[in-house]
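Given next are the chains, with one letter for each unit.
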2 protein chains.
Amino acid sequence: MEPKTKLTLDQVRGLATDVLTHSGYDAAHAGAIAGMLHRCQLDDCQSHGLFRLFMCAATMRDGKIDGAAAPRIAPSDTAIVRADARGGMSLLAVQAGMPLLIEKARVHGMAALTVNNCFHFSALWPEVEDLAGAGLAGLSMVPSHAWVAPAGGRRGTLGTNPLAFSWPRQGKTPFTFDFATSGFARGEIELYKRAGKQLPEGVAIDRDGNPTRDPQAALDGAMLTFGGHKGSALSIMIELMAGPLIDDLTSKESQAAAGADGTAPYHGQIILAFDPDQFSGGKADANDARAERLFADIVDQGARLPSQRRYAARARNLARGYVEISEGLHRDLQTLLE
Amino acid sequence: MEPKTKLTLDQVRGLATDVLTHSGYDAAHAGAIAGMLHRCQLDDCQSHGLFRLFMCAATMRDGKIDGAAAPRIAPSDTAIVRADARGGMSLLAVQAGMPLLIEKARVHGMAALTVNNCFHFSALWPEVEDLAGAGLAGLSMVPSHAWVAPAGGRRGTLGTNPLAFSWPRQGKTPFTFDFATSGFARGEIELYKRAGKQLPEGVAIDRDGNPTRDPQAALDGAMLTFGGHKGSALSIMIELMAGPLIDDLTSKESQAAAGADGTAPYHGQIILAFDPDQFSGGKADANDARAERLFADIVDQGARLPSQRRYAARARNLARGYVEISEGLHRDLQTLLE
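For chain A, the name recorded in an unreviewed UniProt entry is Ldh family oxidoreductase, with Meridianimarinicoccus marinus as its organism. Of chain A, the UniProt comment under Sequence similarities (unreviewed entry) reads exactly: "Belongs to the LDH2/MDH2 oxidoreductase family."

Here it is, written out as structure tokens:
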């Protein structure tokens, strides 16, 4: 077990804000990004917590991002809120568009927030959970880089293309999932490589399109989607919905436009919101009880709802008032303040 | 190879209409159902073609369905079209709501058609393809019966919960998929049983929740979702979106309400439509070209787009003016006219 450093929740936010400001993000962006990192760290979501400050700093050093971009929301009388991040990080644009998304979902019954021209590095669950917090069901998707081969293919075309969904539960943490449509995360393959371990079958192909269990061959080749041709079809849907539908880049285009290694991808995002009250004809309460019976039937047989580990970490960390990160990470983060 | 009977496209529709009318469906329902069976048969989609007439007839014999139910569309100033099938088969209600769904998607940028109080037996791809035919992206889901265990579970709670998506392509058949979120279709397990074959690993558990490869033990136990915990999460999302969201039954409730074996399940349906022109800010043409580059990159590496086999069958059957069904099926269908 690696030695750990304890950070209070204020320290997490403070450290993130300091690094981001020092890196060149203005106060508005630093606040939006620090808020996201804080939420992930609170849930012990280490891969998307303070660790991501390296990517935020590298993206700024690379020079393409605008650390002071003011997002612009296009006027709209439809159910679509179009937010232009104008070359900044996605989070400030999402923050700017979210109140209007919620308002439009209540008016139209369903609504969408699209974010264009943004750098993107974050988990999707905090944004769909915010919708659940407003009593709405939320669904979000983004492309990434073309590291993933379609079913039956021989090279990377699709992104890791995550899909996140959240459903509001009265007086409870929402039902939430947020998963990559690749079988493995790219970072997991890196970990196998460092550990000198072979990959499981069926997660990657080499540069010639042949199945491989060698991590380096997989990194040189392509990952596969989860769930065979079904996962592949779903991943293509995500490319379309978060790319051509919203006038933004596919994973292949995003990769071609990418900066140096370790920088955030540049692509769009779509967030959909659904109002249970409008969809159910005003019977949201009765249907909340119906959804609870479904969840109970899942939990009663010993299965877990997605995100339960994250919610448990949140409750524990909130109660004790601090989170733990590895000492090594904490030490390395200090270098970003030099 | 089983001997085949050739039927012209008119004969397919005529036979379906005759059986449905003879079974007790009125002309409007018989027309809507026959149209669906005709489209599936045209695409050599045997499992959802004329074969389903047995289910339509059995459902009528069971006595719960109303073969003359006139669907009612609720007045709406939101993006949601709520169609009440009033205890009839879903298809006439979908037919009634579809023009309004398309109109609302163009006005609001996105829209939903929900169908309540319906019996449902049909493939979802024809409906999302109709949206693509109108230049919209379409997404549809339904629950079914609680035959599928959640990841880590020990008994059936989820339905086979299909997800269908279609994306419009200028001058081409749309990009479409329609897959069950169970790893296997229930019918496939029946086929393994009849053939005396063992199931592959990972598709089913027995009644004690243990993995099984025995088809009968699987039928007595539960199926598993495709793609492990990710497929399971997706299936739960479909339960919520096509059940509690729209004030209709979950798969477990649908199963409890079910008629005799071989009858159509009774549950709701949700169909979502997205207008690329509104979402892209009027740049649908440029983004159509972008989507085509994505498809070309998939096909160029030897991978197939979903539905290619179906589209090839459609082209061939349209060109020759007839379809082929097994002689045995054709003979058995005659008994439905007695």
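A few points about the relation of the copies chain B and chain A
For the pair chain B and chain A, the best superposition has an RMSD of 0.0 Å and corresponds to a rotation of 180 degrees with a translation of 0.0 Å parallel to the axis. Here the transformation between the copies is reduced to the relation of a two-fold axis. No C-alpha of chain B lies nearer the rotation axis than that of Gly 227 of chain B, which sits 2.0 Å from it. A shared interface surface links the copies, since 100% of the contact residues of chain B are contact residues in chain A too.

Description of the nonpolar core
Core analysis: the largest hydrophobic core is formed by 125 residues, its most contacted members being Phe 165 and Phe 274 of chain A together with Phe 165 and Phe 274 of chain B. Apart from residues lying up to four places away in sequence, Phe 165 of chain A is in contact with Val 128, Ala 137, Gly 138, Leu 139, Phe 175, Thr 176 and Phe 177 of chain A together with Met 237, Leu 240 and Met 241 of chain B.

Things to note about the domain arrangement of chain A
Many structure descriptions define interface size as the accessible area lost when the parts assemble. Residue and element names in this part refer to chain A. Annotation of chain A at the domain level lists domain 1 (1–63 + 307–338) and domain 2 (83–183 + 225–306). Taking only C-alpha atoms into account, the centre of domain 1 sits 22 Å from that of domain 2. Here domain 1 packs against domain 2, burying approximately 2,200 Å² in sum over the two surfaces, 63% of which is carbon and sulfur. Summed over the three residues of domain 1 that lose the most area to domain 2, namely Met 36, Arg 39 and Tyr 311, the buried surface amounts to 26% of that side. The tally of links from domain 1 across to domain 2 stands at three salt bridges. Between Glu 129 and Arg 314 there is a salt bridge; the shortest N-O distance is 3.0 Å. Inspection of the region where domain 1 meets domain 2 yields 13 residue pairs in polar contact (both at pLDDT 80 or more). Going through the elements one at a time, helix H2 (27–42), helix H3 (53–62) and helix H12 (308–320) are the ones with two or more residues in the side of domain 1 that touches domain 2. In terms of residue class, the side of domain 1 that touches domain 2 is built from 12 nonpolar, five polar and seven charged.

A closer look at the sheet that holds strand E9 (residues 204–205) of chain B
Neighbouring strands of a sheet are bound in pairs by backbone hydrogen bonds; such pairs are parallel or else antiparallel. Residues and elements named next belong to chain B. Taken in spatial order, the three strands of this open sheet run E6-E10-E9, and their pairing is mixed. Bordering the open sheet on either side are strand E6 (148–149) and E9, each of which pairs with just one other strand. Sheet topology note: the E6/strand E10 (residues 222–224) ladder contains two bridges and is parallel. When the bridges of E10 are listed, Ala 149 appears paired with Leu 224.

Focus: the packing of aromatic side chains
By the definition in use, this model includes 21 aromatic pairs over all chains. With a centroid separation of 6.2 Å and 85 degrees between ring planes, the pair formed by Phe 175 of chain A and Phe 177 of chain A is classed as edge-to-face. Take Phe 175 of chain A: its relative accessible area is 1%, and that puts it in the buried class. When the centroid spacing of 6.1 Å and the interplanar angle of 65 degrees are considered together, the rings of Phe 51 of chain B and Phe 54 of chain B count as edge-to-face. By way of ring pairs, the aromatic residues Phe 165, Phe 175, Phe 177, Phe 179, Phe 226 and Phe 295 of chain A together with Phe 165, Phe 175, Phe 177, Phe 179, Phe 226 and Phe 295 of chain B are connected into one cluster. The ring of Trp 125 of chain A has Arg 310 of chain A lying over it, and the distance from NZ or CZ to the ring centre is 3.7 Å. Just above the ring of Tyr 311 of chain B sits the side chain of Arg 310 of chain B; from NZ or CZ to the centre is 5.0 Å.

Considerations on the packing of helix H1 (residues 9–23) of chain B against helix H3 (residues 53–62) of chain B
The packing of two helices is summarised by the inter-axis angle and the distance between the axes. Residue and element names in this part refer to chain B. H3 packs onto H1 with a crossing angle of 10 degrees between their chain directions and a minimal axis gap of 9 Å. Accordingly, the angle class assigned to the pair H1 and H3 is roughly parallel. Each of Ala 16, Val 19, Leu 20 and Ser 23 in H1 lies in contact with H3, whose residues at this interface are Leu 53, Cys 56, Ala 57 and Met 60. Per-class residue counts for the contact of H1 with H3 are seven nonpolar, one polar and no charged.

A few points about the sheet that holds strand E7 (residues 163–169) of chain B
Residues and elements named next belong to chain B. As summarised here, the arrangement of the seven strands in space is E2-E3-E4-E11-E5-E7-E8, forming an open sheet in which the pairing is mixed. A strand with exactly one partner marks an edge of an open sheet, and here the two such strands are strand E2 (72–73) and strand E8 (172–179). The sheet contacts of helix H8 (residues 228–241) involve strand E5 (137–141), E7 and strand E11 (266–274), and relative to E5 the element is tilted by about 90 degrees. Each of E7 and E8 touches helix H11 (residues 284–299); the most contacted strand, E7, lies at about 120 degrees to it.

Structural notes on the interface of chain B and chain A
Contact with chain B, which involves 75 residues of that partner, is made by 75 residues of chain A. Regarding the contact of chain B and chain A, the summed buried area is about 5,900 Å², with carbon and sulfur atoms giving 70% of it. When the buried surface of chain B facing chain A is broken down by residue, Lys 230, Phe 279 and Gln 301 of chain B rank first, second and third, together holding 13% of it. Inspection of the region where chain B meets chain A yields 12 salt bridges. When the shortest N-O distance is used, the salt bridge between Asp 297 of chain A and Arg 155 of chain B registers 2.7 Å. One can count 33 residue pairs in polar contact (both at pLDDT 80 or more) joining chain B with chain A. Looking at the side of chain B that touches chain A element by element, the count peaks at nine residues for H8 of chain B. Of the residues that constitute the side of chain B that touches chain A, the class distribution is 39 nonpolar, 20 polar and 16 charged.

Some points on the environment of Gly 227 of chain B
Secondary-structure assignment places Gly 227 of chain B in the loop between E10 and H8. Of the residues examined, Gly 227 of chain B reaches a relative accessible area of 31% and is grouped as partly exposed. Separated by 206 residues in sequence, Gly 227 of chain B and Thr 21 of chain B have C-alpha atoms that sit 42 Å apart. Ignoring sequence-local partners within four residues, the contact set of Gly 227 of chain B consists of Phe 226 and Gly 227 of chain A.

A short note on unusual backbone geometry
Residue and element names in this part refer to chain B. Phi at Arg 86 takes a positive value of approximately 55 degrees, unusual for a residue other than glycine. Examined against the element boundaries, Arg 86 turns out to sit in the loop between strand E3 (80–84) and helix H4 (90–108). A positive phi angle is found at Asn 161, which is not glycine, with a value near 35 degrees. Structurally, Asn 161 is set in the loop between E6 and E7.

Conventions adopted
Residues numbered from 1 in each chain as written. Chains lettered and ligands numbered in written order. Predicted model: local features only at pLDDT ≥ 70, side-chain atom pairs only at ≥ 80, totals over all residues. Heavy atoms only, no water. UniProt positions renumbered as here; feature names shortened; annotations may be inferred. Least-squares fit on C-alpha atoms with pLDDT ≥ 70 in both. Contact = heavy atoms within 4.5 Å. Core = buried A, V, L, I, M, F, W, Y, C linked by side-chain atoms within 4.5 Å. Buried < 20%, exposed > 50% of the residue type's maximum accessible area, 1.4 Å probe, protein only. Domains from an automatic or database assignment. Buried area = accessible area lost by both parts, 1.4 Å probe. Salt bridge = Lys/Arg side-chain N within 4 Å of Asp/Glu carboxyl O. Polar contact = N/O pair within 3.5 Å; in protein donor to acceptor, adjacent residues only side chain to side chain. Helix = DSSP H or I, 4+ residues; strand = E, 2+ residues; numbered from the N terminus. Nonpolar A, V, L, I, M, F, W, Y, C, P; charged D, E, K, R; others polar. Pairing = 2+ DSSP bridges. Phe/Tyr/Trp six-rings, centres within 6.5 Å; stacked < 30°, edge-to-face > 60°. Lys NZ or Arg CZ within 6 Å of the ring centre and 35° of its normal. Axes fitted to C-alpha atoms, helices over the stretch in contact; angles between N-to-C directions. Parallel < 35°, antiparallel > 145°, perpendicular 65-115°, else oblique.

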